[in-house]
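Now for the letters of each chain:
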Amino acid sequence: MKKPAALPELDHPTLDAASIRRSLHNRLVYTIGKDPITATDRDWFHAAAAVVRERMIERWMETMRSYYVEDRKRVYYLSMEFLMGRAMTNSMLNICAEKEFRDALAALGEMGLKPESISEIEPDAALGNGGLGRLAACFLDSMATMGIAGYGYGIRYEYGMFHQGIENGQQVEHPDNWLRYGNPWEFPRPEVLYQVKFHGRVVDFADEHGHKHYQWVDSDDVMAMAYDYPIPGYDTGTVNNMRLWAAKASRDFDLKYFNEGNYIAAVEDKNDSENLSKVLYPDDTTEMGRELRLKQQYFFVSASLQDMLYRFAKSGTPLDNLPDKVAVQLNDTHPSIAVPELMRILIDEHRMEWTRAWGIVTRTFAYTNHTLMPEALETWPVPLFERVLPRHLQIIYEINQRFLRDVMHHYPGDPALWQRMSLIDEAKGKRIRMAHLAIVGSHKVNGVAAIHTRLMKETIFADFHRLWPDKIVNMTNGVTPRRWLNQANPALSKLITTHLGKGWLKDLDQLRQLTPLTVDAGFCEAFVRVKRDNKARLAAMIQQRLAIRVDPASLFDVQIKRIHEYKRQLLNVLHVITLYNRLRAGGDAPPRTVIFGGKAAPGYRLAKLIIRLINDVADIVNNDPLVRDRLKVVFIPNYDVSNAEIIIPAADLSEQISTAGTEASGTGNMKLALNGALTIGTLDGANVEIRNEVGPENIFIFGLTADEVAQQYAAGYSPWVHYDNNAELRQTLDMLRDGFFSPEDRDRYKPVFDQLTYHGDHYLLLADYASYIACQEQVGQLYRDPAAWTRKAILNVAGMGQFSSDRTIGQYAKTIWNVEPVARTAG
Ligand SMILES: *Cc1c(COP(=O)(O)O)cnc(C)c1O
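Residues numbered from 1 in each chain as written. Predicted model: local features only at pLDDT ≥ 70, side-chain atom pairs only at ≥ 80, totals over all residues. Heavy atoms only, no water.

With respect to the overall build of the protein
Rules: A helix here means a DSSP run of H or I that spans at least four residues, while a strand means a run of E at least two residues long, and both kinds are numbered starting from the N terminus. C-alpha atoms define the radius of gyration in this analysis, and the globule rule sets the expected value at 2.2 Å times the number of residues to the power 0.38. Note on exposure labels: buried denotes an accessible area under 20% of the residue type's maximum, exposed denotes more than 50%, and partly exposed covers the range between, all computed with a 1.4 Å probe on protein chains only. Residues count as neighbours in contact if any of their non-hydrogen atoms are within 4.5 Å of one another.
Each helix and strand in the protein was counted, giving 34 helices and 24 strands. The C-alpha atoms of the protein give 28 Å as radius of gyration, which agrees with the globular expectation for 827 residues (28 Å, within 12%). Burial analysis of the protein (827 residues in total) assigns 60% to the buried set. Summarising the internal contacts of the protein: among those between residues at least 6 apart in sequence, 77% fall at separations of at least 24.

What about the site of the ligand?
Applicable threshold: For each residue, the test is whether any non-hydrogen atom lies within 4 Å of the molecule or strand; if one does, the residue is near. In protein, a polar contact means a hydrogen-donor-capable atom and an acceptor-capable atom, both N or O and within 3.5 Å, with residues adjacent in sequence counting only if both atoms are side-chain atoms; elsewhere, any N or O pair within 3.5 Å suffices. Where accessible areas are quoted, they stem from the Shrake-Rupley method and a 1.4 Å probe; at the residue level, only the protein chains shown are allowed to cover. Residues are said to line a cavity or pocket when one of their atoms sits within 4 Å of a point; the points come from a 1 Å grid over protein atoms alone, cavities being sets where a 1.4 Å probe fits but cannot get out and pockets being open sets with protein on both sides within 12 Å along at least five of seven lines. What decides whether a molecule sits in a cavity or pocket is whether more than half of its atoms lie within 2 Å of the grid points.
In the vicinity of the ligand lie 13 residues, with K561, K567, T667, G668 and K671 positioned nearest. Taking K561, its side chain carries an N or O atom lying 2.7 Å from an oxygen atom of the ligand. One of the backbone nitrogen or oxygen atoms of G668 is found 3.0 Å away from an oxygen atom of the ligand. For the ligand, whose accessible area on its own is 390 Å², the fraction buried by protein is 95%. The pocket occupied by the ligand, as judged from atoms lying within 2 Å of grid points, is the largest cavity.

Notes on the pattern of salt bridges
The condition is simple: The working definition used for a salt bridge is a side-chain nitrogen of Lys or Arg within 4 Å of a carboxyl oxygen of Asp or Glu.
Counted according to the given criterion, the structure contains 47 salt bridges. Across the salt bridge formed by R482 and D141, the nearest N and O atoms sit 2.9 Å from each other. Of this pair, R482 sits in helix 20 (residues 481-487) while D141 sits in helix 7 (residues 131-146), placing them 341 residues apart in sequence. Residue class for R482 comes out buried when judged on its relative accessible area of 1%. A residue is classified by how much of its surface remains accessible, and D141, at 6% relative accessible area, is buried. Across the pair D235 and K502 runs a salt bridge whose closest N-O atoms are separated by 3.8 Å. Of this pair, D235 sits in the loop between strand 10 (220-232) and strand 11 (239-249) while K502 sits in the loop between helix 21 (490-500) and helix 22 (521-546), and the two are 267 residues apart along the sequence. In this structure D235 comes out as partly exposed when scored by relative accessible area, which is 31%. On the basis of relative accessible area, K502 is assigned to the partly exposed category, the value being 48%. The network of salt bridges with common partners includes R189, D228, R243, D307 and R311.

Looking at helix 7
To be explicit about the condition: Each residue after the first adds 1.5 Å to the expected span of a helix.
Look at helix 7: 22 Å from first C-alpha to last across 16 residues, which is about the 22 Å you get at 1.5 Å a residue. In terms of burial, helix 7 is largely enclosed, as 14 of its 16 residues are buried. Just downstream of helix 7, G147 is the residue with a positive phi angle, here 80°.

Considerations on the side chain of D463
Counting through the fold element by element, D463 comes out in helix 19 (residues 462-467). Residue D463 is classed as buried on the basis of its relative accessible area of 16%. Beyond its immediate stretch of four places on either side in the chain, D463 contacts L417, R420 and M421.

Overview of the sheet that holds strand 23 (residues 678-681)
The cut-off we apply is this: By definition, two strands form a pair when at least two bridges between them are found by DSSP.
Ordered in space as 21-20-19-22-23-24, the 6 strands form an open sheet in which the pairing is parallel. Strand pairing shows two members of the sheet lacking a second neighbour, strand 21 (631-636) and strand 24 (700-701), which therefore form its edges. Across 6 bridges, the pairing between strand 19 (residues 555-560) and strand 20 (residues 592-597) is parallel. Opposite V558, over in strand 20, you have I595 as the bridge partner.

Things to note about the environment of D307
Looking at the secondary structure, you find D307 in helix 10 (residues 291-314). Overall, D307 belongs to the buried group, its relative accessible area being 3%. Residues D307 and Y194 lie 113 residues apart in sequence; the distance between their C-alpha atoms is 8.0 Å. Residues in contact with D307, not counting those within four places in the same chain, are Y153, V192, Y194, R243 and W245.

Focus on the packing of aromatic side chains
Counted only if it meets this: Side-chain rings of Phe, Tyr and Trp (the six-membered ring for Trp) are treated as a pair once their centres are within 6.5 Å; stacked means planes under 30 degrees apart, edge-to-face means over 60, and tilted covers the remaining angles.
Counted by the stated rule, this structure contains 25 aromatic pairs. Aromatic side chains Y723 and F753 sit 5.9 Å apart centroid to centroid with 80° between the ring planes, which places their arrangement in the edge-to-face category. Highlighted residues: Y723 in helix 29 (residues 720-725) and F753 in helix 31 (residues 750-756), separated in sequence by 30 residues. This pair shows no difference in class: Y723 is buried, exactly as F753 is.

Describing helix 2 (residues 41-54)
In this model helix 2 runs 20 Å from its N-terminal to its C-terminal C-alpha over 14 residues, within 8% of the 20 Å that 1.5 Å per residue would give. With 11 of 14 residues buried, helix 2 is to be regarded as a mostly interior element. All of the buried residues along helix 2 are D43, W44, F45, H46, A47, A48, A49, A50, V51, V52 and E54. Where the residues of helix 2 are buried, they touch helix 1 (17-32), helix 3 (57-69), helix 4 (88-94), helix 5 (98-107) and helix 6 (115-119).

Some points on the packing of helix 21 against helix 22
Where we set the bar: Angular values range over 0 to 180 degrees, each being the angle between N-to-C directions of two axes fitted as lines to C-alpha atoms, with helices fitted over their stretch in contact. Each angle gets one of four labels, with under 35 degrees taken as roughly parallel, over 145 as roughly antiparallel, 65 to 115 as roughly perpendicular, and the rest as oblique. The sense of a crossing depends on the near helix, which, turned anticlockwise from the far helix by less than a right angle, makes the crossing left-handed and, turned clockwise, makes it right-handed. Charged residues are taken to be Asp, Glu, Lys and Arg, nonpolar residues to be Ala, Val, Leu, Ile, Met, Phe, Trp, Tyr, Cys and Pro, and polar residues to be all remaining types, Gly included.
Between helix 21 and helix 22, whose axes approach to 9 Å, the crossing angle comes to 165°. Relative to helix 22, the element helix 21 is oriented roughly antiparallel. Crossing geometry of helix 21 relative to helix 22 is assigned as right-handed. Two secondary-structure elements touch here, helix 21 through A491, L492, L495 and H499 and helix 22 through F523, A526, F527 and V530. A class-by-class count of the residues in the contact of helix 21 with helix 22 yields 7 nonpolar, 1 polar and no charged.

Thoughts on the pairing of strand 1 (residues 74-78)
Across the 5 residues that make up strand 1, a large majority, 5, are buried. Residues R74, Y76 and L78 point to one face of strand 1 and V75 and Y77 to the other, with burial holding for every one of them. The pairing of strand 1 with strand 12 (residues 326-331) spans 5 bridges and is classified as parallel. Of the residues in strand 12, the one forming a bridge with L78 is L330.

Comments concerning unusual backbone geometry
Negative phi is the rule for most residues except glycine; trans is the rule for most peptide bonds. One non-glycine residue, D71, lies in the positive phi region at around 50°. Here D71 falls in the partly exposed class, since its relative accessible area comes to 25%. Despite not being glycine, C96 shows a phi value in the positive range, around 60°. Inspection of the secondary structure puts C96 in the loop between helix 4 and helix 5.

The structure is reproduced here in structure tokens:
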């Protein structure tokens, strides 16, 4: 690489407010092509985005060049989802010029513009469902901040996660046309184009030495085109890359029809193949095996592997050393087709012998498991695979045969075990178990919280753990404190920095130094003021969007996450109804505002009914003169990253109440505690570790443990015992059954009642009800002692150092990827 001498010097745009102001005007005129007189807020947003991004580009290029020159080991994070949210404020903050940008934008106020409304023009990049996709986004931030050569690879969905509207209390889905006005953060790379094959058939032939080889022929081809997105680290020269693939019709494919003179058919075909990257599947955790979904998976895996091998080949390193230069992390089983795909490339295209190829593959890949629930483990029907990816099916069979040979050698005479471990589930008409494929094809498999990893070893993957006792490791999830504290909660961030300096932003363990400040009256007062202001901001948003008046002095009790039976929003509703009944009966409790947010999968009927129930309960409770102002219920529509950034800093109480043993980790729990909310939760996922860090006296734990849950199931759990023996619970459930909250349609919530009774209450809500209600009473008690509450809230913030995604990424780097962070100075 040499620098062409003839080029004139670059502008090197700087970060001072004057330069930024000048660039804003220049970009508006020369890039957006608008006269300031007629420019809209959106024009100014696009101008501002251009100004921000041109201040990241040189660092981005330098970072990429340094990885090449230093021949750094690359980490490829393969994920079907990246839930990035907005990029504008995050980019300004990460390049440490937020104040300068704010000042420059404020100067536009003289033209009648509001800087806040400019940043709110930006649509969320909502290329994910929830926790899994947001984890990928936090990891990219941490890898860039720490100086790890990490690349995100995924799909550039034209339509991301749907927008949730609420009409008559019910969820309605609106398409998320996020690219409608163009995306200022993406760089299309039309020359970075790879062919991806589907369908066709496999032929074999012998080479000149008589060795048998396989070739995949007569395929239908789609092209994958790259779009790049700069990922700036915080206060560092490192700007990493996220590369998302968009499907483009292959030219060859069109020609076939053009030659027959069938122009319309050719265009239809083009549309068909471009449908591949059209839409994100909005199903969280439960997998529905649709052909398009399998094609999306192979599409982005194939393009990503071609791209990384192309980059690898440039270094001239022999393929056998691939694992020294490349680590690939599989975010859930969604990209696990990468295992047979890399085998196919090495064997069919590089003519490598099987065992040599297998050694390379297994040393390259690692797999992150995200769920223990059997119905959420991905499987694909063999006939579908055979049609869409015929060569991969052959390779999977070969992997399985060799693997089972090994298993039989270790455990002779145990055919039940062989069947359990096989990559093929023979029980339900032959399906491929993608988790088994990922485990066998990886050198490390990780869970995402200590309890989750323990249960992986003891339950779903116990057989694999016995065979390979060193393969399963724990990597407790984390969140980036840059977005989830510094950006979302600037007032708290500033308060912390005033007392600790700004080192905590890259070393979150420093938050421990807040502990002695719990006895500093000035600090406590300031902390309370920050929370009160954040609550007032949320109250204003609720008033404006929903016309519900909530009291910022009331206890803000928050449950925000995807709507799922296992997450037990219904248990929260049972508490709300119980509290309502108690207040109506003359009971006393501190004023509470119960806030819900979350999307239901469009086909998940019970989840949608739960949303409707929350809204119906809200209608009755909020308008009952007997309880007015002591209990309010609010469902905030369209929970996404940008709404999370407003809700989380305003929360007093964080509801993390999944049935123990079902939530792999959770990350919402971490974001809320980091912002000074106290947790009410079960001993599930990362709640267990949060309790260890903040101390058991500073968290509200209730309910059965995971082991007790397992015992309940084993003993034949019946919800009726609880129904029969707890009058308050019975009253609550009967109100649902009898239509108290749906007087115009009395049977509306019978399915909810039935689920919790006749159908067996699979998630044990009734078993945990009494313990939950009692725990909520203690929460109410504590809220009446503001000083004691505040002390605990501060100790929660102080204890969150462990839950920085920097800690998580450091662990992956050391024990899975074998890479070292490299610090780069900014500027
Ligand atoms: C953090 C986050 C989640 C995950 O929340 P959990 O409570 O861990 O399920 C989901 N959606 C969004 C928008 C988030 O920011």
